[in-house]
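# Examination of the molecular architecture
Letter by letter, the chains look like this.
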Amino acid sequence: MSIVVDPVGAAVSTEVPRPSAEVDARWLRRAVGLATANVADGGGPFGAVVVAGGVEVAVGQNRVTRDLDPTAHAEVQAIRAACRAAGTFTLDGMTLYTSCEPCPLCLAACLWARLDRVVFSADRHDASRGGFDDSAFYELFGRDRGTWDRTRVDELRLPESALPFDAWLTHAARTDY
Ligand SMILES: [Zn+2]
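From a predicted model like this one, the values you see are computed outputs, not experimental measurements.

### Some remarks on the overall build of the chain
Along its length, the chain carries seven helices and six strands. The secondary structure elements of the chain, listed N-terminal to C-terminal, are β-β-α-β-β-α-α-β-α-β-α-α-α. Taken over the C-alpha atoms alone, the chain extends approximately 55 × 50 × 30 Å along its principal axes. Partitioning the intrachain contacts of the chain with sequence separation of at least 6 by distance along the chain shows that 42% fall at a separation of at least 24.

Dropping the structure here:
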């Protein structure tokens, strides 16, 4: 969503009108169908669809075990496919429909992709029932890293820590994102 201010100073929303609940439900059913079908296909029970202007841009299904890729979540797969299809690295103006509430990885991917909107069906507690860590990871992110019982995260500042950003900021031909 973006807000612009008109010449007389009144804030005007430029947000694209939200589709009806029926339209949202139709796209969610598409995502849920992809998720269910993916189980028989050897993947995890997750599916996602990226939609722009009422048109399907790309779909994604969980491929973690099939592709030996722990980041191959349905939403990430859909975002990658949508970017390839659209020839861009941002999906602003688009909506991602997903069979289940995005995990922290996927929610961050949605933010990085600048999606306008995310709509999900099942939630993190449903995912827990399936044996998935979505809820546990959300809980973890709410805690101090020093208390984490998995994947220790350590910071070690080096004198050259800032050099990559210095190089980036002085690189005139960089592509901001
Ligand atoms: Zn995920």
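### Some points on the nonpolar core
With 30 residues, the main nonpolar core has A31, V49, V50, A78, I79, A82 and Y97 as its most contacted residues. Listed by contribution, the elements that provide at least two residues to this core are α1 (21-40), β3 (47-52), β4 (55-61), α3 (74-86), β5 (95-100) and α4 (104-112).

### Considerations on the UniProt feature "domain: CMP/dCMP-type deaminase" (unreviewed entry) in the chain
Taken from the UniProt record, the annotation "domain: CMP/dCMP-type deaminase" (unreviewed entry) applies to residues 22-144. End C-alpha to end C-alpha, residues 22-144 measures 41 Å, and it is 48% helix and 20% strand.

### Description of the environment of A113
Here A113 lies in the loop between α4 and β6 (117-122). C-alpha separation for the pair A113 and C83, spaced 30 residues apart in sequence, amounts to 8.7 Å. Those residues in contact with A113 that sit more than four places away from it in its chain are I79, T90 and L91.

### Overview of the pairing of β6
Relative to β6, β5 runs parallel, the two sharing five bridges. Note that in β6 the partner of T98 across the bridge is F120. Handedness of the crossover joining β5 and β6 through α4 is recorded here as right-handed.

### Some details on the sheet that holds β6
With mixed pairing, the four strands of this open sheet are ordered in space as β4-β3-β5-β6. Of all strands in the sheet, those with a lone pairing partner are β4 and β6, marking the two edges. Across the sheet, the mean angle from the axis of one strand to that of its neighbour is 20 degrees, orientation sign disregarded. Here α3 sits on the sheet in contact with β3, β4 and β5, set at roughly 140 degrees to β4.

Basis of the calculations
- Residues numbered from 1 in each chain as written.
- Predicted model: local features only at pLDDT ≥ 70, side-chain atom pairs only at ≥ 80, totals over all residues.
- Helix = DSSP H or I, 4+ residues; strand = E, 2+ residues; numbered from the N terminus.
- Contact = placed C-beta atoms within 7 Å.
- Core = buried A, V, L, I, M, F, W, Y, C linked by C-beta atoms within 7 Å.
- Buried ≥ 20, exposed ≤ 12 C-beta atoms within 10 Å, placed from the backbone.
- UniProt positions renumbered as here; feature names shortened; annotations may be inferred.
- Pairing = 2+ DSSP bridges.
- Right-handed = clockwise from strand over helix to strand, strands pointing away.
- Axes fitted to C-alpha atoms, helices over the stretch in contact; angles between N-to-C directions.

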